[in-house]
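# Observations on the model geometry
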4 protein chains.
Amino acid sequence: MEFASDNTSGAAPEVLAALVAVNEGYAPSYGIDDHMARVTALVREAFEAPAASVHLVATGTAANALSAALLCPQWGAIYCHAEAHIEADECGAPEFFIGGGRTAPIAGDHGKITPGGLRARMALTPQGGVHHIQHGMLSLTNLTEAGTLYRPGEVASLAAVARGEGMKVHMDGSRLSNALAASGAAPADMTWRAGVDVLSLGATKNGCLGVEAVVIFDPAKAWEFELRRKRAGHLFSKHRFLAAQMAAYLEDGLWLRLATQANRMAARLAEGLADLPGGSLVHPCQGNIVFASFARGLHRRATEAGAHYYLWPFDQTLDGPDDAPLSARFVCSWSTTGADVDRLLDLLNQR
Amino acid sequence: MEFASDNTSGAAPEVLAALVAVNEGYAPSYGIDDHMARVTALVREAFEAPAASVHLVATGTAANALSAALLCPQWGAIYCHAEAHIEADECGAPEFFIGGGRTAPIAGDHGKITPGGLRARMALTPQGGVHHIQHGMLSLTNLTEAGTLYRPGEVASLAAVARGEGMKVHMDGSRLSNALAASGAAPADMTWRAGVDVLSLGATKNGCLGVEAVVIFDPAKAWEFELRRKRAGHLFSKHRFLAAQMAAYLEDGLWLRLATQANRMAARLAEGLADLPGGSLVHPCQGNIVFASFARGLHRRATEAGAHYYLWPFDQTLDGPDDAPLSARFVCSWSTTGADVDRLLDLLNQR
Amino acid sequence: MEFASDNTSGAAPEVLAALVAVNEGYAPSYGIDDHMARVTALVREAFEAPAASVHLVATGTAANALSAALLCPQWGAIYCHAEAHIEADECGAPEFFIGGGRTAPIAGDHGKITPGGLRARMALTPQGGVHHIQHGMLSLTNLTEAGTLYRPGEVASLAAVARGEGMKVHMDGSRLSNALAASGAAPADMTWRAGVDVLSLGATKNGCLGVEAVVIFDPAKAWEFELRRKRAGHLFSKHRFLAAQMAAYLEDGLWLRLATQANRMAARLAEGLADLPGGSLVHPCQGNIVFASFARGLHRRATEAGAHYYLWPFDQTLDGPDDAPLSARFVCSWSTTGADVDRLLDLLNQR
Amino acid sequence: MEFASDNTSGAAPEVLAALVAVNEGYAPSYGIDDHMARVTALVREAFEAPAASVHLVATGTAANALSAALLCPQWGAIYCHAEAHIEADECGAPEFFIGGGRTAPIAGDHGKITPGGLRARMALTPQGGVHHIQHGMLSLTNLTEAGTLYRPGEVASLAAVARGEGMKVHMDGSRLSNALAASGAAPADMTWRAGVDVLSLGATKNGCLGVEAVVIFDPAKAWEFELRRKRAGHLFSKHRFLAAQMAAYLEDGLWLRLATQANRMAARLAEGLADLPGGSLVHPCQGNIVFASFARGLHRRATEAGAHYYLWPFDQTLDGPDDAPLSARFVCSWSTTGADVDRLLDLLNQR
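About the thresholds
- Residues numbered from 1 in each chain as written.
- Chains lettered and ligands numbered in written order.
- Predicted model: local features only at pLDDT ≥ 70, side-chain atom pairs only at ≥ 80, totals over all residues.
- Heavy atoms only, no water.
- Least-squares fit on C-alpha atoms with pLDDT ≥ 70 in both.
- Contact = heavy atoms within 4.5 Å.
- Salt bridge = Lys/Arg side-chain N within 4 Å of Asp/Glu carboxyl O.
- Helix = DSSP H or I, 4+ residues; strand = E, 2+ residues; numbered from the N terminus.
- Patch = residues over 30% accessible without salt bridge, like charges linked within 9 Å, V, L, I, M, F, W, Y side chains within 5 Å.
- Areas by Shrake-Rupley, 256 points an atom, 1.4 Å probe, with all protein chains shown as cover.
- Buried < 20%, exposed > 50% of the residue type's maximum accessible area, 1.4 Å probe, protein only.
- Buried area = accessible area lost by both parts, 1.4 Å probe.
- Polar contact = N/O pair within 3.5 Å; in protein donor to acceptor, adjacent residues only side chain to side chain.
- Phe/Tyr/Trp six-rings, centres within 6.5 Å; stacked < 30°, edge-to-face > 60°.
- Pairing = 2+ DSSP bridges.
- Axes fitted to C-alpha atoms, helices over the stretch in contact; angles between N-to-C directions.
- Lys, Arg positive; Asp, Glu negative; His and termini not counted.
- Nonpolar A, V, L, I, M, F, W, Y, C, P; charged D, E, K, R; others polar.
- Expected span 1.5 Å × (residues − 1).
- Arc of directions from axis to C-beta.

Once that is clear, we can look at the relation of the copies chain C and chain A. With an RMSD of 0.0 Å, the operation that places chain C on chain A is a rotation of 180 degrees combined with a shift of 0.0 Å along the axis. On the angle and the small slide along the axis, the relation comes out as a two-fold axis. Of the interface residues in chain C, 100% have counterparts in chain A that sit at the interface too, so the contact is made through matching surfaces.

This is the structure:
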């Protein structure tokens, strides 16, 4: 009963098999090889972006922070949701990579920024003089940290506000596959057609061992990115082992199939949790993450039976009266099965 | 006939098998797991350093630059050999991670610094005032970029000079296994007993896919390292995939066995190249790298037959008279076989 | 009728005379001279801090950002009021000097943080793991940007919260003289006895041309500060011209006399503005700054007559109905006279 | 007998008078005033550069490091002479402001780089890949640290090499006035017409209290400079006190008259020192600095009589046999008089 995170799961069989296969023999180092060429071709095809530049790193924080350094000036504010990974979970990586800058977090229901919220946040920092932090960039997380979804039109509205102020737009797509699988949107519609300049395309959480792609839709900055990646220690010497994962991930739509499985399991779990006595969903479940609230006694029972998930927010505790509701986060991954979900639900539904 | 680099080789079977095995089931993320505990235990045992703190990253540049940031103040000079990786091959990563600093390269025969050379270089930057760059740290590469070896006594002499000036000592052990296998020195004698504070312990080049350990012998700075690693995007979420590689690498002395094989192949190759008409070694071959010089016509023949290696220095060219000697670098890896070496030598020895 | 800022005023006659006097002859450069020794002695005496280390720079942003770099780790949050200069008016200088970090702004009435507000803000960033920004430092601005005052007991309460979390405490004393003159508190009580580690002691706004002192109460970090100042380009070669200003400023209590004059003028102005038809104070006037609200028609009249001051917040406009109230900021300086104040009040009180 | 440095001198009477005069009344802060407009006009006229953007800071290190940050990418090498101030005397300021980078010092006789020397240094760092530091910028110091001079044709030759490799060109003109006065070259010929992109125009050493101009010949980067200056704490609030100095300095050719006086005194001193028994010049005296060698006994006599100057290099000592020659540096300033020079020479010539 593992619902702590999608990064406690392993690698999908197809990905692992590709890794094993690519180990055969010698290969040029540092990404100058056929495996990487295949990755680039697959990304360009999936995103209908024949000129896009594609670069691999091994962690989501690297993908995000390098992207931020590419898009945000050293004196710029990074507009993002208050719960965004770059704001809350990267120990200041964006500021380190940018060499300054500063996140400008925006509150918003269900993990989402609205155009009005973005405009109001920007208005707190008047422009035109040198005294204030300058408008730097917009970063949108899709799937959001709340497990909700921006649809292409929403992305486009937000990007338009940012671009109107001269800002570039980044998408943290650590779980983009889940957002695409859930929305059915075309990758291009969700990204560059909606105004996204640079995408962190996640793969680690959804069936890889450790690989993320940075997709730069306007390749003018590709060489700068290469230099930034190298001097940040994020260029792999045995690069084929990144490329093999990503190629297998994108090949034949595996990424969307894996995400679809995770999303389905989350939907099944969300339905079950909402049906518990006193149960309710904290956020709409639109991807592979469920935020649900139910009686503390049930949480205690699940935990004692070995279920793994986080109370959310973290400052809650299992100690206390049985019937007071507690909220928690449950994450499904590509490897979550219906049996896993049912086992948890059965346990919670026992009388 | 692949001698371009040890990073064109793949992963050793034991390492790959461990990676596949560790994929089973779920595991806590970010290194809080039994796999990492096993790695720490293995490193501590191998280095007779029961308090050492061990941290994994995926690239050598990350290991070196994070170590430098830990040891060198932002206004410090990094004393290192002029050919050291941190000086010549990391696109300024140390300066980026340090947030300033500056390499202070030192010339020295066969890739090695001498105590006199170190003292002379330090004397160029008088201390005591705020105007000059301050003495920052010493970084020694062992095996050196020239394929030569520092023995424990040499490390100790150099470290003593550095420590006498208040500097900390780093060892770039990207190929430490080769140095240990060649010298027969105990890991402890080569590192902390000789005055090394922090070690970049390489594994990627010698049979892993992508993993390096940073070993901090005085663990007081371990938490600072953890924060630096995270904010540099070098903390893996599915950390078990790093740990499994490193554990397999260290288990039962695999790392030294692999290095011994590479070293033996290099010795065999060195002997053969030196015996060519007009052949000579540019540097003593003390590990897995051979620098040899022989007639341009033979280089042309080898290249045309598909042999991979680099002319060294790079600014030489195959074009020109047949008998003028050209120098070149040949790197053997754990996967180089006697047949590989013989095939190249046979080709070069054909009349 | 100049009330735009205290930095539109010139230098006090005593300060200018000292600058002229010190020009005579030659003097050692970079602060190794008797003038600087005199400054150190004066600061130590005024603050009853015989071991304090004193360093001069020319701007308040330099004093603040260098202090922040001394106290805050590169992965630390700078807790400060949302209107603090380091948050709102330094174009990201703290992040630049720290090499990362990030301000964590705290809302609070009348420009002040409360212990509860500080605790609540810190609670947003749980500690213990590497994922979040770490608690870095607390910076208090006194006099605040709202023209209000922290008394020694308030400083002590806030510092205690910060120190309890392992943080160091900085005071932005750009207008500390005004706070001291207003409260009658001893400089020591307002700073190190209350838990302040490093003080930016302003002088520019209050009668100097351009000089600020950084006072480090625990001198263990003094040498680090010297290096930071130098490499930030903030060490003056003809340093006597900074020292002469600061010595004259502190000599015989000039700094407090100048501040007292500014504070008195502000009190007189505040009383007059509050007595206008529809007039009210936005914040209590506790130093040399007045935030008052009154009818737009009166603002228009004052502006047309050449009065200089800022509508506050900035996004208000003089256009619109006469009787709608607008708020504004008026700053008095050491050179503001009773006649200046009365001229503005008379103008506003004309029927 | 003060020859330690030109920065031990005070301010010229005209400059001090301007500072006193500008103190009258109120003035807008942060450089938005008539005084700064006058400075810009004077610089543009002197350099025949009607579009140049002019920015004031208070120290030479600030001028140089901010200029470097404007011109050099974060992964770039700063090619400069091994004795250049940015290499030897700024405690790593360029690396701090650039956020990385690294000086690439070039040896050269008499403090000067040659095109061949520059080309040879660049060849040490092959380009085209991401592994090496990239070619960043060229910085020329004129007058050099050795007191010698680049003429416009020499600047043009060096700039052409740099520009041919895609680098921008900076001139550290901390003593540009001395170079102009000595060479008779037009400021435009010495700078932008010769390929200089950004100039640090010194004034502090030559009769000001503390002000330097950064002159950006192509103003496209002016706004970026403004932001960099602000966030580095180098924007003065009471900016008129910088502008008044610089305006007085440039007005009616004062800067060149002051430099001419310093140069003449140096020439007189150089002639006298070369004529001492065993006396010789270490470098040609082409500005206001004299490097001369003569018997240790004479140095001892001068020092005992209170003469101030530095043995050069620093690691020499007055202790030892009387007749062994020692080399030393003597710097004349705008305030050095013929009597000052004669007094030293008379002392040394006594039998």
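Another point: the pattern of salt bridges. Close approach of charged atoms allows side chains with opposite charge to pair. The tally for this structure, following the rule as stated, stands at 48 salt bridges over all chains. Of the charged contacts, one joins A:Arg228 and A:Glu224 as a salt bridge, the two residues approaching to 2.9 Å between their closest N and O atoms. Pair noted here: A:Arg228 and A:Glu224 are both in helix α10 (residues 222–231), with a separation of four residues, about one helical turn. Where C:Glu251 meets C:Arg38, a salt bridge forms, and the shortest distance between an N and an O atom there is 2.3 Å. Here C:Glu251, found in the loop between α11 (240–250) and α12 (254–274), pairs with C:Arg38, found in helix α2 (residues 34–46); they are 213 residues apart in sequence, far enough to count as distant.

In this section: a nonpolar patch on the surface. Residue and element names in this part refer to chain B. Taken together, the side chains of Tyr310, Trp312 and Phe314 make up a nonpolar region of the molecular surface, amounting to roughly 300 Å² of accessible area. When you line up the elements, phenylalanine 314 lands in the loop between β10 (310–311) and β11 (325–331). For phenylalanine 314, a relative accessible area of 45% translates into the label partly exposed.

Looking now at the interface of chain C and chain A. With 17 residues of chain C at the interface, the matching set in chain A holds 17 residues. Overall, the association of chain C and chain A removes approximately 1500 Å² of surface from exposure, summing both partners, and the carbon and sulfur fraction of that is 47%. When the buried area of chain C at its contact with chain A is split by residue, C:Cys91, C:Arg102 and C:His131 rank highest and sum to 36% of it. Inspection of the chain C/chain A interface yields 14 residue pairs in polar contact (both at pLDDT 80 or more). Element by element, the count of residues in the side of chain C that touches chain A is highest for helix α4 (residues 85–88) of chain C, at three residues.

Within the secondary structure layout, C:Asn23 lies in the loop between α1 (13–22) and α2. Setting aside residues up to four positions removed in sequence, C:Asn23 forms contacts with C:Arg240, C:Phe241, D:Gly10, D:Ala11 and D:Leu16.

Our next topic: the packing of aromatic side chains. In total, this model carries 46 aromatic pairs over all chains according to the counting rule given. The interplanar angle of 70 degrees and the centroid separation of 5.7 Å between the aromatic rings of C:Phe96 and D:Phe97 together place this pair among those described as edge-to-face. Of this pair, C:Phe96 sits in helix α5 (residues 93–98) while D:Phe97 sits in helix α5 (residues 93–98), on two different chains. Among the aromatic residues, ring-to-ring pairing joins A:Phe3, A:Phe294, A:Tyr309 and A:Phe330 into one connected group.

Residues and elements named next belong to chain C. With mixed pairing, the seven strands of this open sheet are ordered in space as β1-β7-β6-β5-β4-β2-β3. Looking at strand neighbours, the two that pair on one side only are β1 (53–57) and β3 (102–106), the edges of this open sheet. Neighbour-to-neighbour, the strand axes of this sheet turn through a mean angle of 25 degrees, independent of strand direction. Across four bridges, strand β2 (residues 76–81) lies against strand β4 (residues 134–141) in parallel orientation.

Right, let's get into the relation of the copies chain A and chain B. Mapping between the two chain copies consists of a rotation about an axis together with a translation along that axis. Between chain A and chain B, which share one sequence, the superposing operator has a rotation angle of 180 degrees and an axial displacement of 0.0 Å; the RMSD is 0.0 Å. Looking at chain A, 100% of its interface residues are interface residues in chain B too, so the copies touch through the same face.

All right, on to the side chain of C:Lys238 then. Tracing the backbone through its elements, the reader meets C:Lys238 in the loop between α10 (222–231) and α11. Although C:Lys238 lies buried, it forms no salt bridge, and the closest oppositely charged side chain, D:Asp6, sits 8.1 Å away as judged by the N-O distance. Only 3.0 Å separates the side chain of C:Lys238 from the backbone oxygen of D:Gly10, close enough to count as a polar contact. A polar contact of 2.9 Å, which involves the side chain of C:Lys238, links it to the backbone oxygen of D:Cys208.

What follows deals with the interface of chain A and chain B. Where interface size is quoted, it is often the accessible area lost as the parts come together. Taken together, the contact between chain A and chain B spans 50 residues of the former and 50 residues of the latter. When the buried surface of chain A facing chain B is broken down by residue, A:Tyr26, A:Phe96 and A:Lys238 rank first, second and third, together holding 21% of it. One can count zero salt bridges joining chain A with chain B. Grouping the constituent residues of the side of chain A that touches chain B by class yields 21 nonpolar, 19 polar and ten charged.

Another point: the environment of C:Met1. Residues and elements named next belong to chain C. Note that methionine 1 resides in the segment before α1. Separated by 308 residues in sequence, methionine 1 and tyrosine 309 have C-alpha atoms that sit 8.7 Å apart. Not counting residues up to four positions away in its chain, the partners in contact with methionine 1 are Ala305, Gly306, Ala307, His308, Asp340, Arg343, Leu344 and Leu347.

Residues and elements named next belong to chain D. In a regular helix each residue adds 1.5 Å, so 13 residues correspond to 18 Å; helix α2 (residues 34–46) covers 18 Å between its end C-alpha atoms and thus fits that length. Turning to α2, its buried residues number three or more, namely Met36, Val39, Thr40, Leu42 and Val43. All buried residues of α2 lie within an arc of 165 degrees about the axis, which places them on one face of the element. The outward face of α2, more than 90 degrees from its buried face, is lined by the exposed residues Asp34 and Glu45. Buried residues along α2 sit against β1 (53–57), β7 (212–216) and α11 (240–250). Just beyond α2, the residue with positive phi is glutamate 48, at close to 50 degrees.

Read these as layout, nothing more, since geometry by itself doesn't imply function.
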